[in-house]
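Below are the chains, spelled out letter by letter.
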Amino acid sequence: MTREFPAGFRWGTATAAYQVEGSTTADGRGPSIWDTFAAQPGRVLDGATGERACEHYLRYAEDIGLLNELGIPHYRFSVAWSRVMPDGRTIEPRGLAFYDRLVDKLLERGITPMLTLYHWDLPQALQDAGGWPNRDLAGYFADYAQTVHKALGDRVRQWTTINEPFCAAFIGYGNGDHAPGIQDEGAALVAAHNLLLAHGHATRAIRANGGDGQEVSIVLNFSPVLTDVDDSAHREAARKFDFLHNRFFLDPLLGRGYPAALLEDLAHLGTLEPAIADGDLDLIAQPLDLLGVNYYAPTRAVPLDAPEADSNCPLPGLRGMDVQPPRGDVTSFGWEQRPESFTDLLLWLHEHCPELPLVVAENGAAFADEVVDGRVHDEKRVRYFAEHIGAVHDAIERGADVRGYLAWSLLDNFEWARGYTQRFGIVHVDFETQERVLKDSARFFADVVARNGL
Ligand code: IFM
C-alpha cells in the first residue's frame, strides 16, 4: 500500500554554492570566507578546498539533466554573494549571468528553482569589515538580495534568505570550526542577531520589488533534545539546549522576541541584549510564507553537577549542561539516526507556529559509498530516506502542515570542515574525474517522487 503525500507536495534535492560550484576565481568572483578559511592549514580535513568541488559551475547543465532523468521537480540551490558582488557591494554582471543560465536551464527542463541567497559564503571583503558581528552587513545583505531578486524574480518564485543562521553564527564565530574560524562566544550571539536582522531587511527588500506569487522563507536547522531522566535538572539541561538551538532564531521570526529564559542563560556574556536596538524585533518578524526545516539528528542533554564544569556543548554561552554521545545506528558523520525525533519536531513546530506551512529543506545522511561495477548500492541511505520520509508522512497524518521534502543532497560535495570525506549525495561524484553515478538512493527517491508516496 502506498503511503501517499498530499497533492502538490514539493519533492526536490538541494545543494549550496560553495559546496558544488568550484570555479572560485572565474568571471570575476571574489574570495569568500570559505576560500580564505579552507586555504589555512589545519582548518579543513585533508586540506580540501572548494576550488573544484563538483565543477557545477561548468557542469550545471549535466546536473540538471540528472534531475530531469530522475523526474525530480524542484531544485534548491544557493547564490554565491561573492560571485554576484565580489566585494560584497559592487555588482559583477558575469557572476549574475551564471544564475541566469542556471535558472533558465532548470525552467527549460520543467524544474522549479528554489533559491537561497546565503548559505554561509560571506564575501571576504565583508569579513574584513568585521563580518556578521558588524550590523552594517544586514543592510548590505538587503542590497544584495534586491539585486538578485531584480535579476531573477521574474522567473524564481521561491526565495530563502538565509540557510541555517545557527551554523553561520555559532560555528563560524563561536567555536570557530567553520569560516571565518573565530572563537568568541559573545561575538557569535551578536552575529546571530545581525543575521536575523539581515533576513528581515532582505525580506522587506524582496517584497518591495514586488512580483506575482513570490514566497519568502528562511531555513533553520533543528535538533530535538532527548534526556534519559525526567527530573527537573534534566528538564532544565534540555530546556537550555532547546532554547538556544531551536528557539533562538524561531521565536523572534514569529514576533515573540528572544525567550526570556534564554536571555538569562546568555546574560553572562553581556553582548546580546546591548546589540538589540529599538525596532530590531519588528524588523526581524516580517511575515513568512513558509518555514524551511532542516533535520539530521537529535541531541542528548545532561545536567552538570557543577555549573561551571567543562562541557562538550558546542553552543555559545550555555552553562550547567552537557551533550552526550549519539546512540544506536549512526551515519559516517557520527550522527544518530532517529526518525521518530523528526516526526516529533514537525509536530512540535506545527503546535508552536500553527499558521506557518513547513517545507523540509534538507534531510539526508552521509555514508562511505563505493562504486562497484558502475553501481552504488547505498542501502543504508535508502533505509535512511525510507524511514525519514515515513517520519514526515507520520507527522502529516497527525496534523502537521508539511508542504515539501528536499533531499540533501543531489551530489556528493564539499562538506565544509570535513572536506570531501562525507558523501551525502544521491549521485556519487568521483572528485578526480568528476564522473557522476546515480546511487540506488537516487532511484529510490525518484520512485517516491513518481508515486508521490512511499
Ligand atoms: O552540508 C550541510 C549543508 O550545507 C547545511 N546543512 C547540513 C548539511 C550536512 O552537514
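Computed from a predicted structure; not experimentally measured. Per-chain numbering applies: the sequence of each chain, read as written, is numbered from 1 onward. In view of the model being predicted, local features appear only for residues whose pLDDT reaches at least 70, and side-chain atom pairs are presented and counted only at 80 or more, with totals across whole chains, interfaces and linings using the full set of residues. Only hydrogens and water are removed before side-chain values are computed, so all heavy atoms of the structure are retained for them.

## Re the pairing of strand 5 (residues 215-222)
We apply this condition: For the exposure calls, accessible area comes from a 1.4 Å probe over protein chains only, and a residue counts as buried if that area is under 20% of its type's maximum, exposed if over 50%, partly exposed in between. Helical segments are the DSSP runs of H or I of at least four residues, strand segments are the runs of E of at least two, and each set is numbered from the N terminus. Pairing between strands is defined by DSSP: at least two bridges between them are needed.
By the criterion of burial, strand 5 is predominantly enclosed, with eight of the eight residues buried. The side-chain alternation of strand 5 yields two buried faces, one formed by E215, S217, V219 and N221 and the other by V216, I218, L220 and F222. With four bridges connecting them, strand 4 (residues 158-163) and strand 5 associate as parallel partners. Among the inter-strand pairings, Q158 is bridged to a residue of strand 5, identified as E215. Direction of pairing for strand 5 relative to strand 7 (residues 290-295): parallel, over a ladder of six bridges. In the sheet register, L220 faces strand 7, and the bridge partner there is V293.

## A short note on the pairing of strand 1 (residues 10-14)
Regular strands place their side chains on alternate faces of the sheet. Among the five residues that make up strand 1, five are buried, leaving the element largely enclosed by the rest of the structure. Going residue by residue along strand 1, you find R10, G12 and A14 tucked away on one face and W11 and T13 tucked away on the opposite face as well. Sheet analysis places strand 1 next to strand 11 (residues 402-408), joined by five bridges and oriented parallel. Among the inter-strand pairings, W11 is bridged to a residue of strand 11, identified as Y405. Pairing of strand 1 with strand 2 (residues 74-78) involves three bridges; the strand directions are parallel. Residue pairing in the sheet places G12 in a bridge with H74 of strand 2.

## Digging into the environment of N413
Cut-off, in case you're wondering: Only heavy atoms matter for contacts: two residues are in contact if any of them lie within 4.5 Å across the pair. Here a polar contact is recorded for every N or O atom pair within 3.5 Å, except that within protein the pair must consist of a potential hydrogen donor and a potential acceptor, and residues adjacent in sequence are included only if both atoms are side-chain atoms.
Note that N413 resides in the loop between strand 11 and strand 12 (427-429). Taking relative accessible area as the criterion, N413 reaches 2% and is therefore assigned buried. Linking N413 and E21, residues 392 residues apart in sequence, is a C-alpha distance of 9.3 Å. For N413, the residues in contact, after removing those within four places along its chain, are Q19, V20, C54, W408, G419, Y420, Q422 and F431. Reaching out from N413, the side chain makes a polar contact with the side chain of Q19 at a distance of 3.2 Å. Side-chain polar atoms of N413 contact the backbone oxygen of L411, separated by 3.1 Å.

## Side note on the sheet that holds strand 9 (residues 321-324)
Our working rule: Axes here refer to lines fitted to C-alpha atoms; in helices the fit is confined to the stretch in contact. Angles between the N-to-C directions go from 0 to 180 degrees.
Spatial strand order, 6-8-9: three strands in an open sheet with mixed pairing. Looking at which strands have only one partner, the edges of the open sheet turn out to be strand 6 (225-226) and strand 9. As paired elements, strand 6 and strand 8 (residues 299-303) share two bridges and run parallel to each other. By the bridge assignment, L226 is partnered in strand 8 with R300. Taken strand by strand, helix 10 (residues 232-247) contacts strand 6, strand 8 and strand 9, and its axis lies near 130° from that of strand 8.

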